[in-house]
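Residues per chain are reported as follows:
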Amino acid sequence: AQSVTQLDSQVPVFEEAPVELRCNYSSSVSVYLFWYVQYPNQGLQLLLKYLSGSTLVESINGFEAEFNKSQTSFHLRKPSVHISDTAEYFCAVSEIAGYSTLTFGKGTMLLVSP
Amino acid sequence: EAQVTQNPRYLITVTGKKLTVTCSQNMNHEYMSWYRQDPGLGLRQIYYSMNVEVTDKGDVPEGYKVSRKEKRNFPLILESPSPNQTSLYFCASSDRMNTEAFFGQGTRLTVV
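What you see is a predicted model; the values in this text were computed from it and never measured.

Caption draft 1: Structural detail: the sheet that holds strand β8 (residues 76–78) of chain B. With antiparallel pairing, the four strands of this open sheet are ordered in space as β1-β3-β8-β7 (chain B). The open sheet terminates on both sides in strands that have one partner only, identified here as β1 (4–7) and β7 (65–66) of chain B.

Caption draft 2: Focus on the side chain of Ser87 of chain B. All names here are of chain B. Its place among the elements puts Ser87 in strand β9 (residues 87–94). Within the structure, the side chain of Ser87 is placed 3.1 Å from the backbone oxygen of Gln37, a separation counted as a polar contact. Side-chain polar atoms of Ser87 contact the side chain of Asp38, separated by 2.8 Å. Apart from the residues lying within four places of it in its own chain, the contact partners of Ser87 are Arg36, Gln37, Asp38, Thr107, Arg108 and Leu109.

Caption draft 3: Region of interest: the interface of chain A and chain B. Contacts between the two partners involve 22 residues from chain A, matched on the other side by 22 residues from chain B. Both faces considered, chain A and chain B share a buried interface measuring about 1700 Å² in area, 55% of it formed by carbon and sulfur atoms. One can count one salt bridge joining chain A with chain B. Residue Lys49 of chain A is joined to Glu100 of chain B by a salt bridge in which the shortest nitrogen-to-oxygen separation is 2.4 Å. The interface formed by chain A and chain B includes seven residue pairs in polar contact (both at pLDDT 80 or more). Residue assignment for the side of chain A that touches chain B shows that the elements contributing at least two residues are β5 (31–38), β6 (44–50) and β10 (87–95) of chain A. Of the residues assigned to the side of chain A that touches chain B, the class counts are 10 nonpolar, eight polar and four charged.

Caption draft 4: Highlighting the pattern of salt bridges. Counted under the stated rule, the structure contains seven salt bridges over all chains. Lys78 of chain A is the salt-bridge partner of Asp85 of chain A, the closest N and O atoms lying 2.8 Å from each other. Residues joined in a network through salt bridges with shared partners are Arg36, Asp38 and Arg44 of chain B.

Caption draft 5: The arrangement of the nonpolar core in detail. Formed by 27 residues in total, the largest nonpolar core has its most connected members in Trp35, Leu48, Phe74, Leu76 and Tyr89 of chain A. Listing elements by their share of this core, those giving two or more residues are β2 (10–14), β3 (19–21), β5, β6, β8 (64–68), β9 (73–78), β10 and β12 (108–113) of chain A. Ignoring any residue separated from it by four or fewer positions in sequence, one finds Phe74 of chain A in contact with Cys23, Leu33, Phe34, Trp35, Leu48, Lys49, Tyr50, Val57, Ala65, Glu66 and Phe67 of chain A. In terms of nonpolar packing, the next biggest core, distinct from the first, is built from 19 residues, Val4, Val21, Val60 and Tyr64 of chain B among them.

The rules behind each value
Residues numbered from 1 in each chain as written. Chains lettered and ligands numbered in written order. Predicted model: local features only at pLDDT ≥ 70, side-chain atom pairs only at ≥ 80, totals over all residues. Heavy atoms only, no water. Pairing = 2+ DSSP bridges. Helix = DSSP H or I, 4+ residues; strand = E, 2+ residues; numbered from the N terminus. Polar contact = N/O pair within 3.5 Å; in protein donor to acceptor, adjacent residues only side chain to side chain. Contact = heavy atoms within 4.5 Å. Buried area = accessible area lost by both parts, 1.4 Å probe. Salt bridge = Lys/Arg side-chain N within 4 Å of Asp/Glu carboxyl O. Nonpolar A, V, L, I, M, F, W, Y, C, P; charged D, E, K, R; others polar. Core = buried A, V, L, I, M, F, W, Y, C linked by side-chain atoms within 4.5 Å. Buried < 20%, exposed > 50% of the residue type's maximum accessible area, 1.4 Å probe, protein only.

Written out as structure tokens, the structure reads:
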């Protein structure tokens, strides 16, 4: 069975600073990887996903994540954050073969201050 | 517009009073699931359904029931709610088990 570890429960950062949210996963087989964002009082929205191909994936609002198979990581980065990026971010993994549901990490709260 | 709709958004109830949270999706997805979100615990899966009349337990099924009589609907039933079921609940759907899930807006349930 797969598992996900998000190493930081909270990441405080100033506006326009770079940020990295860390995600490590554990699985014995090949995986799909996802980042979701949850804004206050809202549901989860897909931010970006890795299914295959290029290991670097990007979102429309400037976030990117890189799949690193050797380190079993899928860290989320943004070079310059905005106040509006304040939200909780969830990393999720599923196994490509067989019956596998999404397994979520415990989330990282990104707090952007002016 | 593709969406997953949950109702109600907020609910306060008393211990032992049966309740149902409805979930409906308009994307013709085969796979649907229910999660609960608690501080520090992230999202934990309660039940999932791979298709009509096919349901199975997730990680935290105790105290919950589900049914899948139609493809678009997947209600969550709490026969006898208890205070430890106070939580934020999300319904999700996807075309396959292991691909991206689309989430509803959530139902905040308080059991007193």
